[in-house]
Amino acid sequence: MGLFSRKDKTPKGNSFIAASHSTGSFHSATSRDIVNRGSAGSFMSGGSPLSPMSPVKLPKVDLPRPPDPQLDPVGYLRSLGAVRERSNIILDKATRNELNHFDVDLDKLPDVVTFVAGLIKRDYEAPFTSIPGHGRYQHFCVGGRDRIAHLLSTWPESVDSTERCRRLIDLFLVSVLLDAGAGTQWSYKSKENGKIYRRSEGLAVASLEMFKEGLFSSNPGNKHQVDKEGLRALTVEKLESGLQSRPDNRLAGLQGRTELLIRLSAALAEKTDYFGVDGRPGNMIDHLLSHPSTQASSILIVPLPVLWNLLMNGLGPIWPPSRTALNGVSLGDAWPCQAMPNPGAASWESILPFHKLTQWLTYSLMQPMQSLLNMHFAGQELLTGLPEYRNGGLFVDLGVLNLKKDDMERGLQNYADYCRRSGTKAVEVAPMFEPSDDVVVEWRGATVGLLDVLCAEVNKALKTELAGAEMTLPQLLEAGSWKGGREIAEINRPNTKEPPILIDSDGTVF
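Just so it is clear, the structure is predicted and the values come from calculations on it, not from any experiment.

Enquirer: Just checking my understanding: could you explain the nonpolar core for this structure?
Expert: For soluble globular proteins, the rule of thumb is that nonpolar side chains tend to be buried together. Grouped together as the largest cluster of nonpolar side chains are 127 residues, with contacts concentrated most on Ile 120, Leu 261, Leu 264, Leu 401 and Leu 454. Per-element accounting of this core gives the leading share, 11 residues, to helix α19 (residues 438–461). Once residues lying within four places of it in the same chain are set aside, the contact partners of Leu 401 are Leu 99, Phe 102, Asp 103, Val 104, Phe 395, Val 396, Trp 443, Ala 446 and Leu 450.

Below you can see the structure in the form of structure tokens.
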């Protein structure tokens, strides 16, 4: 099959997420109209969404500045703005070919641009206004079936839009937290149609079916929710059964995923101001609607940092205690990096934050809130590309980032040790590192910076087709870089389809 021969264009017509295809795609109805719609049918039959590249113009919203790192280094490193700012230090070194673990060949960047632009033109009609923003919703639609729209249609009209949105946030949050690398052996057979799904899509379908069965709910009157008591009752055995993990179909990091959800139970119980007394993720809607910075005069606008701080503070307790801490506070997905200033000092300057799962959550949770509540978010440009193995693998497989010889040898030895330890057959050999390894941290930092560069260059390459519009970073992630990383991996490693650098994951990072 030719690389650009596939012609799987985005289907036209209504879908659940039609109103939130991008960070700026909304229905033209007022928030009150949306909130008062009671059924999925009435929601789905609404007017056509505005173009994702022609968003509603929001009134100016003053966004809070990130904390001063000299005065509050913990607050700064946990802020969204720190991710791009700190990763730009790595990007700057990459452009000068001064990274510790990678040789950088920017002459290969045009190849990445051509590859990604070709995928976009293959799969979407110009001017590409149908490209959705990156989010978990798309994984639920594997095989061309909108499972979220179907789920909405099963709920009675007495379930109003606010409660529908709570339920979807419940589902999306748990599904995202389960969405770490699945490994090469695992697949999931859907109980609804008998089809086999793998990787992110398999985890999405599995989490949806577990949600519908009530695995995460303690409420006998509503199986379709996630709450603190339901999560507290989880065991590895229950999750193992729900995810169909067994010796011949092993899901990587199952213990880590289970522990993560159990810690989520404790966080939901502790943070009642965010998640209510019943400890449901979906109750964050009530916090956002009542927040003093939320504007609801003509349209409903929430500053993105409000949602970000809710997720960072509300979910902070879920991260493993072994993660990076500063002044006794766990920083989550943030790591010391030798390429940062003062690498030998235990200071904030040596730490590179990513908060990948929190960003993935933010992208994903905005979708139901935009669609069902017509809730707009100001400041979405603060979000970055996601530093995970598909986006990062794209730059490695196409020759922009090239692992240095000593690190390659060390990574291959790690992989050989892993195969002996786990009994894995080395089908397609690749270097392997733990998430905290300096190779991985530097790779992720370079990925965040390069994705910004890639977005700008793809917009230039597609200028004629875009016809005056501009592709957003979330659209590039969805239609180009993430998909491109997956497809180039399939070409280069057809047996395992794994990335060019493997992560010995604990189920909570990738």
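Enquirer: Help me understand the side chain of Arg 147, please; the structure alone is not making it clear to me.
Expert: Assignment of secondary structure puts Arg 147 in helix α7 (residues 147–153). Nearest to the buried, unbridged Arg 147 among oppositely charged side chains is Glu 192, at 5.1 Å. Sequence-distant contacts of Arg 147, that is, excluding residues within four places in its chain, are made with Phe 140, Cys 141, Val 142, Asn 193, Tyr 197, Val 205 and Leu 208.

Enquirer: Help me understand the pattern of salt bridges in this model?
Expert: Working definition: two side chains of opposite charge can pair if their charged atoms are close together. Taken as a whole and assessed by the stated rule, the structure comprises 32 salt bridges. For Arg 167, the salt bridge is made with Glu 163, and the minimal N-O distance between the two is 3.1 Å. With Arg 167 and Glu 163 both in helix α8 (residues 161–177) and 4 residues apart, the pair spans about one turn of that helix. Close ionic contact of Lys 191 with Glu 213 constitutes a salt bridge, the shortest N to O distance being 2.8 Å. Placement of Lys 191 in the loop between β2 (188–189) and β3 (196–197) and of Glu 213 in helix α9 (residues 199–213) is noted, with a sequence separation of 22 residues between them. A residue is classified by how much of its surface remains accessible, and Lys 191, at 51% relative accessible area, is exposed. Among the residues examined, Glu 213 registers a relative accessible area of 44% and is labelled partly exposed. A cluster of three or more residues bridged by salt bridges with shared partners is formed by Glu 163, Arg 166, Arg 167, Asp 170, Arg 280 and Asp 286.

Enquirer: Any chance you could explain unusual backbone geometry here in plain terms?
Expert: In terms of backbone geometry, most residues other than glycine have negative phi values and most peptide bonds are trans. Cis geometry marks the peptide bond from Ala 126 to Pro 127, where omega comes out at 5°. Assignment of secondary structure puts Pro 127 in the loop between α5 (109–123) and α6 (137–140). The phi angle at Asn 97 is positive, at roughly 55°, despite the residue not being glycine. Inspection of the secondary structure assignment puts Asn 97 in the loop between α4 (81–95) and β1 (102–104). In this structure Asn 97 comes out as partly exposed when scored by relative accessible area, which is 40%. In this model, His 355 sits at a positive phi of 50°, which is unusual for a non-glycine residue. The residue His 355 is located in the loop between β8 (351–353) and α16 (356–373) in this model.

Cut-off values and rules
- Think of each chain on its own: its residues are numbered from 1, step by step along the sequence as written.
- Where local features are concerned, this predicted model is filtered to residues with pLDDT of at least 70; where side-chain atom pairs are given and counted, the filter is 80 or more; whole-chain, interface and lining totals use all residues.
- Note that the side-chain values use all heavy atoms of the structure and ignore hydrogens as well as water.
- Residues belong to a common nonpolar core when they are buried Ala, Val, Leu, Ile, Met, Phe, Trp, Tyr or Cys residues joined through side-chain atoms within 4.5 Å.
- Whether a residue is buried, partly exposed or exposed follows from its accessible area with a 1.4 Å probe, protein chains only, as a fraction of its type maximum: under 20%, in between, or over 50%, in that order.
- Secondary structure elements are defined from DSSP: runs of H or I of at least 4 residues count as helices, runs of E of at least 2 residues count as strands, and each element is numbered from the N terminus.
- Here, two residues are considered to be in contact whenever any of their heavy atoms come within 4.5 Å of each other.
- Charged residues are defined narrowly, with Lys and Arg counted positive, Asp and Glu counted negative, and His plus the chain ends left uncounted.
- When a carboxyl oxygen of Asp or Glu is within 4 Å of a side-chain nitrogen of Lys or Arg, the pair counts as a salt bridge.

Don't take any of this as a statement about function, it's just geometry.
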